[in-house]
Amino acid sequence: MAGRRVLVLNGVNLGRLGQRQPEVYGATTHAQLAGHLERTGAGLGLDVEVRQTDHEGEFVGWLHEAASQDVPVVLNPGAWSHYSYAIADAVVQVPFAVEVHISNVHQREAWRHTMVISPYVRGTILGLGLGGYDLALAHVAAALVEPD
């Protein structure tokens, strides 16, 4: 039996995981992360679909899709988190969204400290590496069983 569909949406530069600053983001590739999240989701009773884009409009379109289909979202918009009001406006429409950041953005450059999307999600997980995605999926699964 298939589980509840969940989108994991990764934004700008996250397709370069495993190559981009491994001291910050680790050695795991985006493809490896996607496979891991699909397996983790299945174990939680979720049907996880992982997507990545470097195109802001495509990311917004995926959020609109999630809103229209009442699909929960785990998202890591990357640098868009700090300035994209277009993505923030789209996230507002998603009924259940959790934001993940691999690094603790508050320990990095000052421009990363502003988070324009965080006010519109159920929660934000920062600085726990790729394990933050696992926690976000666990939170989604628990919320689907016992909605708030």
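Predicted model, so just to flag it, every value in this text is computed and none were measured.

What about the pattern of salt bridges?
For step 1, the next point in the chain: Across all of its chains, the model carries five salt bridges by this definition.
For step 2, the next point in the chain: Ionic pairing is found between Asp 70 and Arg 4, a salt bridge with its closest N-O pair at 3.9 Å. With Asp 70 in the loop between helix H3 (56-69) and strand E3 (73-76) and Arg 4 in strand E1 (residues 4-10), the pair connects residues that are 66 residues apart, well separated along the chain.
For step 3, the next point in the chain: Given the relative accessible area of 43%, Asp 70 is considered partly exposed.

A few points about the environment of Arg 51
For step 1, the next point in the chain: Tracing the backbone through its elements, the reader meets Arg 51 in strand E2 (residues 46-52).
For step 2, the next point in the chain: Judged by its relative accessible area of 14%, Arg 51 falls in the buried class.
For step 3, the next point in the chain: As a C-alpha pair, Arg 51 and Ala 31 span 20 residues in sequence and 9.9 Å in three-dimensional space.
For step 4, the next point in the chain: Apart from the residues lying within four places of it in its own chain, the contact partners of Arg 51 are Arg 5, Leu 7, Val 8, Leu 9, Asn 10, His 30, Trp 62 and Glu 65.
For step 5, the next point in the chain: At 2.7 Å, the side chain of Arg 51 and the side chain of Glu 49 are in polar contact.

Quick word on the sheet that holds strand E5 (residues 123-126)
For step 1, the next point in the chain: Taken in spatial order, the five strands of this open sheet run E2-E1-E3-E4-E5, and their pairing is parallel. A single partner strand is all that each edge strand has here, and the edge strands are E2 and E5. Across the sheet, the axes of successive neighbouring strands diverge by a mean angle of 20°, strand direction being ignored.

Some remarks on the UniProt feature "binding site: substrate" (unreviewed entry) in the chain
For step 1, the next point in the chain: Taking the UniProt record as the reference, the feature "binding site: substrate" (unreviewed entry) is found at Asn 76, His 82, Asp 89, Ile 102, Ser 103 and Arg 112.
For step 2, the next point in the chain: Along the chain, Asp 89 turns up in helix H4 (residues 85-91).
For step 3, the next point in the chain: Of note, Ser 103 is situated in the loop between strand E4 (97-101) and E5.
For step 4, the next point in the chain: When its relative accessible area of 9% is taken as the criterion, Ser 103 is described as buried.
For step 5, the next point in the chain: Ignoring sequence-local partners within four residues, the contact set of Ser 103 consists of Val 24, Arg 108, Leu 126 and Gly 127.

Brief notes about the side chain of Ser 81
For step 1, the next point in the chain: You can see Ser 81 is positioned in the loop between E3 and H4.
For step 2, the next point in the chain: Of the polar contacts made by the side chain of Ser 81, one reaches the backbone oxygen of Gly 78; its length is 2.9 Å.
For step 3, the next point in the chain: Polar side-chain contacts of Ser 81 include one of 3.4 Å to the side chain of His 101.
For step 4, the next point in the chain: Leave out the neighbours within four places in its chain, and Ser 81 touches Glu 99, His 101, Thr 114, Met 115, Val 116 and Ile 117.

Calculation notes
Residues numbered from 1 in each chain as written. Predicted model: local features only at pLDDT ≥ 70, side-chain atom pairs only at ≥ 80, totals over all residues. Heavy atoms only, no water. Salt bridge = Lys/Arg side-chain N within 4 Å of Asp/Glu carboxyl O. Helix = DSSP H or I, 4+ residues; strand = E, 2+ residues; numbered from the N terminus. Buried < 20%, exposed > 50% of the residue type's maximum accessible area, 1.4 Å probe, protein only. Contact = heavy atoms within 4.5 Å. Polar contact = N/O pair within 3.5 Å; in protein donor to acceptor, adjacent residues only side chain to side chain. Pairing = 2+ DSSP bridges. Axes fitted to C-alpha atoms, helices over the stretch in contact; angles between N-to-C directions. UniProt positions renumbered as here; feature names shortened; annotations may be inferred.

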